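Each chain is listed here by its residues.
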Amino acid sequence: MITRLQSMFATLRARREKAMGLFLTGGFPDPESTLELLKVIDEAGADFIELGMPFSDPLAEGVPIQRASERALRHGIRLVDVLHMAEAFRSRSQTPLLLMGYVNPVYRYGMQAFCRDAAQAGVDGLILADLPPEESEALAEAAQEAGLAMVYLIAPNTPSERIQQIDALATGFVYAVSITGLTGSTLQSHEAIEAYLARARQLVTRNPLLVGFGIRSHEDALRLGRHTDGFIVGSALIRLVERLWDDAGLSLVDRLEAVQRFVHELKYGTSVPAS
Amino acid sequence: MASVNLDTAFTYEAPDVRGHFGPYGGAFVPEILIPALEALRQAYAEARQDPAFWEDYAALLREYVGRPTPLTFAPRLSERLGGMRVFLKREDLCHTGAHKINNTVGQILLAQRMGKKRIIAETGAGQHGVATATVCARFGMQCIVYMGAEDVERQRLNVLRMQLLGAEVRPVESGSRTLKDATNEAIRDWVTNVHDTFYLIGSVVGPHPYPMIVRDFQRIIGDEVRQQLAEQLGRETPDALVACVGGGSNAMGLFYPFLTDRCVRMYGVEAAGEGLEGRHAATLSCGRPGILHGALSYLLQDDDGQVLLAHSISAGLDYPGVGPEHAYLKDLGRVTYVTATDAEALEGVQLLARTEGIIPALETAHAIAFLPRLAQELGPDAVVVVNLSGRGDKDMGTIARYLERKCTNNL
């Protein structure tokens, strides 16, 4: 069976186009707006979407995603709500959707039950920031049974042999963290990042290779995307949404249009004209 | 849940090579930290085989920490309890006033071996922060301590001590502003600066190999107790061991050398705070298995897997997690975990102060508070060793506020 993720990568490869993934925390900036935002992001050019599962202790996240998580939890968002959002999104779009978060809420929910419910909601894969392959055997099994892809991360300090092992275990794509740092960090030393991505490109042969962390602009995406099949943007979108939604002077239409322009420009380098 | 049959031999070999204590433990961390944990595992495996390493460690414990610490018989306390013979393992007499220094001395030697110069740590009550700042000063290393903003306010004196020792204390404003969030922030620092930074963890918590390393550095407590009992009583084992459990390092240090002595009962005392129906920190008694800060263990969490805030009058026990080895020992039935409330702990402080002239830390007072219950269970012939994990100077502000309130109420 060709999955939505596989067919998306195949289509883009044929068009010689890089995949753009966007991350948005489920329930952020508020439960109602998440769905509106997912729709706009999807239509503005996202090739796939990562929907964040809020967690009380997101220890790999920089301040923007930490704050987004806290805000969603203050709204009372639960894991089951995120699954409902995924389902609602799936009912009107075929864009691949992954869930991203931390392992404890998934563990608490029950790994098999979670994978089954996520797959039923139309989710395509899972990314868990604190679950290295060594600890993921049970979840990987449940994911496979349910037909969910498992994405694993690599970092600049991951030894080459380990990158190959991770590539062998990953079933959706390999997520190359651009820097040793947190989400939303500033990119430094482009040469070092590019050398690492070029090395990863040689080692990741079974899966698409995507890069994330610190990408804020079309220029960043172009430069880092050169060595990869695509790129992922999270904190930059979260920061924009936070600013827009905290500005009481803006209407919902203004906010959604601003997000649409940002997303379109990230992928194509040109802004869509405001309607 | 299995329970240990004390009539059969009990062998104990944990953790396994991947750091699992039964189902608990492991290394649930972002990929960036995997190479750092692997480097630490290797450095420790080599150090463990190196007699010179243990000689350095022993010399520091002897000449800097002040070990061995005495095993003090507590005659008036014993009498008050109806005859059960209570011995106090005096970790409060260690340099810096608590058992924490045993571990920081060991880990700073590892950091030095690994060529690291930048040390980070997290602290709740400040005891681990002070112990870390102390060894960093002694070894000339840069020291950054993360501390919840609320704890910074609660523990002013320990903040000043750390600063005086040359450490930078970074107040953490995120989340609950206590130890849980200080730990998140320390891990975030480590993720960012992993190439030159050694994370000096203060308890038997965190990803493998930390729970094992910290246990091994703290086992000196139990090893000395065994030897001292032999010298003082002509018997190597007590009838029972008692220690307070937050993360659980002083308890692991006391228990570990006795785990295969099936005649020794062991009790870990958790903080029941305002009571188990209210706010508390009784992770093993009330929590459920979950993953936080790199390990699978018992965890205070809601039905959705969000971590709950812990509460204890003692900032050092105010943590929603617990070391994975304790989770394993609980499930095995090898250690019994009980609780003491804030009010009971304060009574424990007064009991020990009035009977023996020793003011214990509020953490330790939880262990003291359990003794009257234990005395009823074991009777007058029993020999019981209580780990006196730290002294109470740091808690005088908290204790004073409580006692003043109590006096006002009595007027």
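Coordinates for the structure precede this section.
These remarks concern the structure in this document.

Rules used throughout
Residues numbered from 1 in each chain as written. Chains lettered and ligands numbered in written order. Predicted model: local features only at pLDDT ≥ 70, side-chain atom pairs only at ≥ 80, totals over all residues. Heavy atoms only, no water. Helix = DSSP H or I, 4+ residues; strand = E, 2+ residues; numbered from the N terminus. Rg over C-alpha atoms; globule rule 2.2 N^0.38 Å. Buried < 20%, exposed > 50% of the residue type's maximum accessible area, 1.4 Å probe, protein only. Contact = heavy atoms within 4.5 Å. Areas by Shrake-Rupley, 256 points an atom, 1.4 Å probe, with all protein chains shown as cover. Pairing = 2+ DSSP bridges. Axes fitted to C-alpha atoms, helices over the stretch in contact; angles between N-to-C directions. 1 Å grid on protein atoms, 1.4 Å probe; cavity = no way out; pocket = protein on both sides within 12 Å on 5 of 7 lines; lining within 4 Å. Points joined across faces, edges and corners; volume = space filled by probe spheres on them. Nonpolar A, V, L, I, M, F, W, Y, C, P; charged D, E, K, R; others polar. Core = buried A, V, L, I, M, F, W, Y, C linked by side-chain atoms within 4.5 Å. Buried area = accessible area lost by both parts, 1.4 Å probe. Salt bridge = Lys/Arg side-chain N within 4 Å of Asp/Glu carboxyl O. Polar contact = N/O pair within 3.5 Å; in protein donor to acceptor, adjacent residues only side chain to side chain.

Each helix and strand counted, chain B has 16 helices and 14 strands in total. Expected size for 411 residues packed as a compact globule is a radius of gyration near 22 Å; at 20 Å, chain B falls within 12% of this value. Seen through its C-alpha atoms, chain B measures out along the principal axes to roughly 55 × 55 × 45 Å. With 411 residues in all, chain B has 64% of them scored as buried. Pairs at least 24 apart in sequence give 75% of the contacts found in chain B among residues at least 6 apart. Accessible surface computed for chain B: about 14,700 Å², of which carbon and sulfur atoms make up 50%.

Time to look at the sheet that holds strand 10 (residues 265-273) of chain B. All names here are of chain B. Pairing is mixed across the open sheet formed by six strands, whose spatial order is 3-4-14-9-10-13. Each having just a single partner strand, strand 3 (71-73) and strand 13 (336-341) make up the two edges of the open sheet. When strand polarity is set aside, the average angle formed by the axes of neighbouring strands in this sheet is 30°. Pairing geometry for strand 9 (residues 240-244) and strand 10, over five bridges, is parallel. Note that in strand 10 the partner of Val-242 across the bridge is Tyr-267. Strand contacts of helix 10 (residues 220-233): strand 3, strand 4 (85-90) and strand 14 (383-388), with the helix running at about 135° to strand 4, the strand carrying the most contacts.

Next up on the list: empty space enclosed by the protein. By the definition in use, this model includes nine cavities of 30 Å³ or more. Space inside the largest cavity adds up to approximately 460 Å³. Lining the largest cavity are 36 residues, and of these B:Lys100, B:Gly202, B:Ser203, B:Gly247 and B:Gly316 sit closest to its centre. Residues of the lining of the largest cavity, tallied by class, amount to twelve nonpolar, 20 polar and four charged. Considering only enclosed or pocket space, the second largest cavity measures out at about 260 Å³ in volume. What lines the second largest cavity is a set of 28 residues, among which A:Phe23, A:Glu61, A:Ile65, A:Thr183 and A:Gly234 lie closest to the centre. For the lining of the second largest cavity, the leading source of residues is helix 11 (residues 235-246) of chain A, giving three residues.

On to the nonpolar core, then. Core analysis: the largest hydrophobic core is formed by 201 residues, its most contacted members being A:Ile41, A:Leu99, A:Phe173, A:Tyr175 and A:Val259. Broken down by element, this core gets its largest block of residues, seven residues, from helix 11 of chain A. Residue contacts for A:Leu99: discarding those within four places in its chain leaves A:Leu51, A:Met53, A:Val82, A:Leu83, A:Phe114, A:Ala118, A:Val123, A:Gly125, A:Leu126 and A:Ile127. Counting 27 residues, the second-largest nonpolar core is a separate cluster that includes B:Val269, B:Ile368, B:Ala375 and B:Val386.

Let us look at the layout of surface pockets. Residues and elements named next belong to chain A. Here the largest pocket defines a volume of roughly 510 Å³. Contributing to the lining of the largest pocket are 27 residues, with Leu-148, Ala-149, Met-150, Thr-171 and Gly-172 lying nearest its centre. Those elements that place two or more of their residues in the lining of the largest pocket are helix 1 (4-14), helix 7 (137-146), strand 5 (149-154) and helix 8 (160-169). Taken together, the residues of the lining of the largest pocket sort by class into 13 nonpolar, eight polar and six charged.

Another point: the interface of chain B and chain A. How large an interface is tends to be reported as the accessible area lost when its parts come together. With 36 residues of chain B in contact, the opposing surface of chain A contributes 39 residues. Together, the buried faces of chain B and chain A total about 2,900 Å²; carbon and sulfur atoms form 50% of this surface. For the chain B face of the interface with chain A, the top three residues by lost area are B:Glu31, B:Arg188 and B:Asp304, together amounting to 24%. Scanning the region where chain B abuts chain A turns up three salt bridges. Among the salt bridges present, the one from A:Arg78 reaches B:Asp304, with a minimum N-O distance of 3.3 Å. Here chain B and chain A share 20 residue pairs in polar contact (both at pLDDT 80 or more) between them. Only helix 1 (34-48), helix 8 (179-192), strand 11 (288-292) and strand 12 (295-299) of chain B provide two or more residues apiece to the side of chain B that touches chain A. With seven residues, the single largest contributor to the side of chain B that touches chain A is helix 8 of chain B. Across the side of chain B that touches chain A, the residue classes break down as 16 nonpolar, eleven polar and nine charged.

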